[in-house]
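Per-entry structural report
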Amino acid sequence: MKKILSFLLAFSTSVICFAQAGINIIPEPAEIIQPKIAADFTITPATEILLEGSGLENSANFFNDYLQQCYHFKLKVVTKASSKNVIALNFERMDNPIAGAYTLSVNAKGVYIAGDNQAGAFYGIQTLIQLLPVEPAQKLSIPYVSIKDYPRFSYRGLMLDCGRHFFSVDFVKKYIDYIALHKMNFFHWHLTEDQGWRIEIKKYPKLTEVGSNRNGTIIGRYPGKGSDNQEYGGFYTQEQIKDIVKYAADRYITVIPEIEMPGHGSAAIAAYPQLSCFPDTATIIKPNMISDASKQQLANGRIKLVQETWGVFKDVYCPSDYTFNFLQDVIDELIPLFPAKYIHIGGDECPKDAWKESAFCQNLIKENNLKDEHGLQSYFIGRIEKYINSKGKQIIGWDEILEGGLAPNATVMSWRGEKGGIEAAKQNHDVIMTPTTYVYFDYSQTKKEDSITIGGFLPLDKVYNYEPIPAELTEAEGKHVLGGQANLWSEYVTKPEKAEYMIFPRLSALSEVLWSPKAKKSYSAFEKKLQIQFKRYELWKANYSKAYFELHASILPDPNNKGILWQLETKIKNAEINYATGINQTALPYKSPLRIDKSENYVGILFINNKVVSSIHEMFLINKATGKKISLTTEPAKNWPGNGGAFGLVNGVVSDKDIGSSEWLGWQGNDMEATIDLGNPQSISKINCHLLESKDNWIHLPAYVEAFTSADGNHFTSVGKISQYTATTMGMYDATITISPVKARYAKIIAKNSGNIPDGDNGAGNPSWLFADEIKID
Ligand code: ACM
């Protein structure tokens, strides 16, 4: 018997890893053959790296740098070996359709790596690195093995948003190393945003003098708690960019720059107001978000500001000759810096409000026989594409570039789910899959995230189980899927340690999605390798999320519909789980799911060797609806399923956070219609539904909430309808319908979607989201 308080004092975030004997390579190679009798080859400071071809220096240098950093010694690189103690690098033709194949063998003759090309040899080196022990030593034993390997997809990418927060050259290089260590080959560098322009353009010095600095940033999660009033800035000089691009190229990584247009352009507009359709209209930053300096500057006559908060802003590039000349000049300076075949032109989240209001834009629409503002966006992207194509390069754009017609040679990055990617592939366009639901690394990886994130919930296994080729595509269409990419947006990623925390271990899971043969994927095998991978992160001195080790709690319906079950689980084999109710209560060993049938605070605690390694709290509010049979006429959106779909509405847990909570169920453009079977006739006097409003995120309160009761589940009688809700906190509301008590077995609750988002609000014209959580019946 232990007291909770003492557990919490002993809380330790350290993670216990269990070394796995054998081979733990991530991403899983296509073929691994181990000899029947195990034996080792030992790398020592006397081992030589033998280059048996030209162009293998990058691989040798990377290996040496890795040895130096992690094991504090280096090897001599030679073209003639002085002994058999060698790591030989060479080339050998292999016929995999995607470049980068290699073979690696470790035996009595030493280590032999042969790449199909230079990148292949480099990937062989990455595998060799993963055969090394994860403890620093001067003698590194690696097992005899024979590996044949090749990538599944040609595009294996990771993005970093350096616009919202700036990351130093050193960290960008480290990030590129992380990409390399996972045999990935594209770094998508998000360089311009509303909150900062980060690339030196010599013809437009104000982009960095003005556009790279903001006067403040909101504190905390949007809408935040006012401005921090700290000037924030940073940019990369062209020399630094060349250095980074070379650094990446030495690791067989292509850097794709992204210059956002026509939206997300506030920073450029702050520098050159003529880029806006309304250069004389002041930038809007809400009064509770704006910095003191910006307020002062506006009062002194400044008109355009770099944004200080997050979201989507209506002041976008005007499709004028001034703008096109500007963008073409920017592209002219990009081309010598970035040898990549692609330039990413953004294209996402461009509100059309300004274009609707602008006489110039309306005239342009008429002159060019365009259908509407979406047609104008298509015209914008098409014109830029033509310019970029004329320079021998191709564009990539976010999936909004499909709206109004796709530019002829564009590659689409499908982010709003897989739909855009499917549509583009069906139109014979190349596609890079990067759907929010599977690969947005700014989403939380634990339901109990302590730090601020953008919200959502993207656990490791969901990333691992992602399949980039949608089932809807034919084999020929599927070939247009070049691969996939994870995106790290940086609203709430302010420091390198947080960036590492967000990408690890999810990047390791993604690497297997993009590299390994589909038939070789196994989450349980990956989980075993993960134990060593965690040690590798530590060897790299990289921060990583320990969510995998947390105590996981799930809420299940009680099979007899009497309350709910609270199930606690851990991935750690020798751990002990305890639970307790209330505060300062005695903890008891957890054996099987707990039945919870009264409102109470619960805590689950995970121990290893009597030390607390993780704990989880839940406040249950039990009422007549809790754990009862519930059905929905329309299922929630795939990316907002709540905690277990319909059951999440009656699971006894009321969302205590805005969109940072995974309790919310979301419907876009649809109503919520839930029917609850109480099991037997019961007296009902109050029906309550918990709602969220977050207009900046397109989430609106329902037009009304109506409750019905029924004796037979077929004939329902309306018992109340309301359109005024009680605000609680953080944009959350209670819709409470109080009635004179009626006896009924069934209750139905309809929350009517408010329809399209009205003018003046973010996302105007789009179907609004309806977010609901717990339904309570008293
Ligand atoms: C995006 O996440 N706006 C591409």
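Residues numbered from 1 in each chain as written. Predicted model: local features only at pLDDT ≥ 70, side-chain atom pairs only at ≥ 80, totals over all residues. Heavy atoms only, no water.

**Some details on the overall build of the protein**
- A count of helical and extended segments in the protein gives 19 helices and 37 strands.
- Scaling as 2.2 N^0.38, a compact globule of 778 residues should have a C-alpha radius of gyration of about 28 Å, and the protein matches this with 28 Å.
- In terms of overall dimensions, the protein has a C-alpha envelope of 95 × 75 × 55 Å along the principal axes.
- Counting only residues that meet the buried cut, the protein has 59% of its 778 residues in that class.
- Sequence separation of at least 24 residues holds for 72% of the intrachain contacts in the protein that already meet a minimum separation of 6.
- If you sum the accessible surface of the protein, you get close to 30,800 Å²; carbon and sulfur atoms cover 51% of it.
- Of the side-chain charges in the protein, 80 are positive and 86 negative, and the distance between the mean point of each set is 5 Å. (Helix = DSSP H or I, 4+ residues; strand = E, 2+ residues; numbered from the N terminus. Rg over C-alpha atoms; globule rule 2.2 N^0.38 Å. Buried < 20%, exposed > 50% of the residue type's maximum accessible area, 1.4 Å probe, protein only. Contact = heavy atoms within 4.5 Å. Areas by Shrake-Rupley, 256 points an atom, 1.4 Å probe, with all protein chains shown as cover. Lys, Arg positive; Asp, Glu negative; His and termini not counted. Charge placed at Lys NZ, Arg CZ, Asp CG, Glu CD.)

**Re the pairing of strand β33 (residues 704-710)**
- Within β33, six of the seven residues are buried, leaving the element largely enclosed by the surrounding structure.
- By the bridge criterion, seven bridges tie β33 to strand β36 (residues 732-752) in an arrangement that is antiparallel. Bridge pairing in β36 links S710 to Y746.
- Pairing geometry for β33 and strand β34 (residues 717-722), over five bridges, is antiparallel. Across the sheet, the residue bridging to T709 is T717, located in β34.
- In this antiparallel pair of consecutive strands, β33 and β34, the connection spans six residues, and G713 shows a positive phi of 85°. (Pairing = 2+ DSSP bridges.)

**With respect to the sheet that holds strand β24 (residues 564-569)**
- In space, the three strands of this open sheet follow the order β23-β24-β27, with antiparallel pairing throughout. The outermost strands of the open sheet, each flanked by one partner alone, are β23 (552-557) and β27 (594-596). For this sheet the average axis-to-axis angle between neighbouring strands, irrespective of direction, equals 30°.
- Summarising the sheet, β24 and β27 pair through three bridges and their orientation is antiparallel. The residue of β27 that forms the bridge with L565 is R595. (Axes fitted to C-alpha atoms, helices over the stretch in contact; angles between N-to-C directions.)

**What to know about the environment of I555**
- With respect to the secondary-structure elements, I555 resides in strand β23.
- In this structure I555 comes out as buried when scored by relative accessible area, which is 16%.
- For the pair I555 and L594, spaced 39 residues apart in sequence, the C-alpha to C-alpha distance is 9.6 Å.
- Excluding residues that lie within four positions of it along the chain, I555 makes contacts with I564, L565, W566, F620, F647, N651 and V653.

**Some points on the environment of R93**
- Relative to the elements of secondary structure, R93 occurs in the loop between β6 (86-91) and β7 (102-107).
- Residue classification places R93 among the exposed positions, given a relative accessible area of 69%.
- Taking the C-alpha atoms as reference, R93 lies 69 Å from Y725; in sequence the two are 632 residues apart.
- Side-chain polar atoms of R93 contact the side chain of D116, separated by 3.2 Å. (Polar contact = N/O pair within 3.5 Å; in protein donor to acceptor, adjacent residues only side chain to side chain.)

**Notes on the side chain of S508**
- Considering the arrangement of structural elements, one finds S508 in helix α18 (residues 506-515).
- If sequence neighbours within four positions are ignored, S508 has contacts with I26, H182, F526, Q533 and Y537.

**Some words on the layout of surface pockets**
- One number sums up the size of the second largest pocket: a volume of about 1,300 Å³.
- Looking at the second largest pocket, it is lined by 48 residues, and the ones nearest its centre are K447, F457, A553, N643 and S662.
- Sorting the residues of the lining of the second largest pocket by element identifies α15 (460-464), β23 and β29 (611-620) as the ones contributing at least two each.
- Residues belonging to the lining of the second largest pocket are distributed by class as follows: 19 nonpolar, 17 polar and 12 charged. (1 Å grid on protein atoms, 1.4 Å probe; cavity = no way out; pocket = protein on both sides within 12 Å on 5 of 7 lines; lining within 4 Å. Points joined across faces, edges and corners; volume = space filled by probe spheres on them. Nonpolar A, V, L, I, M, F, W, Y, C, P; charged D, E, K, R; others polar.)

**Quick look at the packing of aromatic side chains**
- Evaluation of the coordinates by the stated rule reveals 46 aromatic pairs.
- Between Y123 and W515, the aromatic rings sit 5.0 Å apart at their centres with planes inclined by 80°, giving edge-to-face as the arrangement. Of this pair, Y123 sits in helix α3 (residues 118-131) while W515 sits in helix α18; the two residues are 392 residues apart in sequence, bridging distant segments of the chain.
- The buried category is assigned to W515, whose relative accessible area is 0%.
- The ring of Y438 has K462 lying over it, and the distance from NZ or CZ to the ring centre is 5.7 Å.
- The ring of Y544 has K546 lying over it, and the distance from NZ or CZ to the ring centre is 4.6 Å. (Phe/Tyr/Trp six-rings, centres within 6.5 Å; stacked < 30°, edge-to-face > 60°. Lys NZ or Arg CZ within 6 Å of the ring centre and 35° of its normal.)

**Concerning the pattern of salt bridges**
- Summed over all chains, the structure comprises 30 salt bridges.
- Salt-bridge contacts for D250 lead to K246; the nearest nitrogen and oxygen are separated by 2.8 Å.
- You can call D250 partly exposed: its relative accessible area is 21%.
- In this structure, the salt-bridge partner of K426 is E477, at a minimum N-O distance of 3.2 Å. Here E477 lies in helix α16 (residues 475-478) and K426 lies in helix α13 (residues 419-426), a separation of 51 residues in the sequence.
- A residue is classified by how much of its surface remains accessible, and E477, at 16% relative accessible area, is buried.
- One network of salt bridges, in which partners are shared, links D161, R164, E193 and E491. (Salt bridge = Lys/Arg side-chain N within 4 Å of Asp/Glu carboxyl O.)

**Things to note about helix α6 (residues 238-249)**
- Taking 1.5 Å as the rise per residue, α6 with 12 residues should run 16 Å; its terminal C-alpha atoms sit 16 Å apart, in good agreement.
- On its buried side, α6 packs onto α4 (169-181), β12 (186-190), β17 (254-261) and α9 (321-334). (Expected span 1.5 Å × (residues − 1).)

**Topic: the pairing of strand β25 (residues 576-581)**
- Taken together, the six bridges between β25 and strand β28 (residues 600-608) define a ladder with antiparallel strand orientation. Across the sheet, residue E576 finds its bridge partner in β28, namely F607.
- Of the pairings in the sheet, the one linking β25 to strand β26 (residues 586-589) comprises two bridges and is antiparallel in character. Residue N578 lies in a different strand from β26, and its bridge partner there is P589.

**Some points on the sheet that holds β12**
- On the basis of which strands lie adjacent, the closed barrel formed by eight strands has the order β11-β12-β17-β18-β19-β20-β21-β22 and parallel pairing. Within this sheet the neighbouring strands show an average axis-to-axis angle of 30°, counted without direction.
- Note that strand β20 (residues 411-414) and strand β21 (residues 431-433) share three bridges and pair parallel. Opposite S414, over in β21, you have M433 as the bridge partner.
- Packing of helix α12 (residues 373-390) onto the sheet brings it into contact with β17, β18 (342-346) and β19 (394-398), and relative to β19 it is tilted by some 150°.

**With respect to unusual backbone geometry**
- Each neighbour pair has its own omega, and for I26 with P27 the value is -5°, a cis peptide bond.
- Tracing the backbone through its elements, the reader meets P27 in the loop between α1 (4-9) and β2 (31-33).
- A cis amide bond links F504 to the next residue, P505, at an omega of 5°.
- In this structure, P505 sits in the loop between α17 (496-503) and α18.

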